[in-house]
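In case you want the letters, here they are:
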Amino acid sequence: MQVDGEEDRPARAEAEALLRAGRLFEARCTAQDALDADGPDAALYAVLGRSHAAEEADDEDDLAERAYRRGLAAFPDDLDLLAAYAELCLNSDPFDRPTRYGHGPELAERLRELAPGSPQALRVEQAASRRGGPVGRTGPRPPSASRAQRHDAREALTAAAAAGATPREAAHSAREQADERPSDLRLAVRAETLAALARPGLAPLRLLVRAPLAGLAALSVAVGAAAGRTGVSTAVVDPLRGPGALPAAPDTRAPAARGPPPGRDHRPAHRR
């Protein structure tokens with residue numbers, strides 16, 4: 001949606017053609033030069049944002065968001081800008097960019113109000129469905145609690161290792177942050193999870209949390225022995241199954257010393 005009476009700019013068609021051809025840097029340069037020379041243009045802001053977003057890098061996504069927001073400040077009802085920004089938000093990581101991700105439903109709702117059933121609105125609905133269901137007033141389906149728990153524990157343990165901190169120090173830091181915001185359940189869960197993972201003998205489990213594929217082999221060999229040594233197998237959060245017990249340590253006793261399996265009646269049978 002352009003300013004009334006504004007004639008089409010040759011740079012607009014050139015920038016859009018460069019974007020379609022995958023010449024992203026040239027498309028950005030053309031769009032930015034035209035904006036600098038001639039002032040705001042919704043289509044050029046859309047090209048600028050899409051060419052950044054197509055680079056698939058976090059810093060480029062930040063630049064794309066900046067372009068879309070600048071465009072919408074001048075053209076708040078432009079369908080292409082709304083759709084492009086909504087797609088960027090809905091496709092963002094809800095953990096790393098929760099604020100951006102949360103804008104997606106608002107933009108989709110605005111599109112439905114302005115142009116229900118339009119190509120732009122349908123495109124945004126498709127983007128939302130790929131992330132867990134149609135967009136409603138409450139937004140896309142949020143990540144599960146267990147997934148958030150695994151993500152937060154992995155991020156904290158990875159950051160601690162990079163900083164040379166111990167798991168116990170990471171747990172202490174997480175507890176301090178949770179105490180500062182007692183109403184934040186997610187911080188409380190992270191603190192409890194890290195406190196459990198910081199216990200002695202659970203290095204294989206911490207490896208599994210940080211690098212699931214690399215840690216599977218080590219965990220399968222060591223977790224039973226580690227849980228048996230520490231005696232905390234029923235108090236640790238299993239990152240694969242959510243809250244619950246770790247697999248029980250294998251019973252290495254002789255069959256005669258193990259006792260009867262649970263759930264069966266082992267009274268001696270009467271002989272006839």
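Residues numbered from 1 in each chain as written. Predicted model: local features only at pLDDT ≥ 70, side-chain atom pairs only at ≥ 80, totals over all residues. Heavy atoms only, no water.

1. Description of the pattern of salt bridges
At step 1: Counted according to the given criterion, the structure contains 14 salt bridges.
At step 2: For E26, the salt bridge identified is with R23, shortest N-O distance 2.6 Å.
At step 3: For the salt bridge of R112 with E125, the shortest nitrogen-to-oxygen distance reads 2.6 Å. Taken together, the residues R112 in helix α6 (residues 98–114) and E125 in helix α7 (residues 119–130) connect sequence positions 13 residues apart.
At step 4: Of the residues examined, R112 reaches a relative accessible area of 25% and is grouped as partly exposed.
At step 5: Residue E125 is classed as partly exposed on the basis of its relative accessible area, which comes to 22%.
At step 6: Overlapping salt bridges, with partners in common, bring together D62, E65, R97 and R100 in one network. (Salt bridge = Lys/Arg side-chain N within 4 Å of Asp/Glu carboxyl O. Helix = DSSP H or I, 4+ residues; strand = E, 2+ residues; numbered from the N terminus. Buried < 20%, exposed > 50% of the residue type's maximum accessible area, 1.4 Å probe, protein only.)

2. Some words on the packing of aromatic side chains
At step 1: Applying the stated criterion across every chain yields a total of one aromatic pair.
At step 2: Relative to Y85, the ring of Y68 lies with its centre 6.0 Å away and its plane at 35°, an arrangement referred to as tilted. Here the residue Y68 occupies a position in helix α4 (residues 58–74), and Y85 occupies one in helix α5 (residues 79–90), the gap between them amounting to 17 residues.
At step 3: The class of Y68 is buried, set by a relative accessible area of 2%. (Phe/Tyr/Trp six-rings, centres within 6.5 Å; stacked < 30°, edge-to-face > 60°.)

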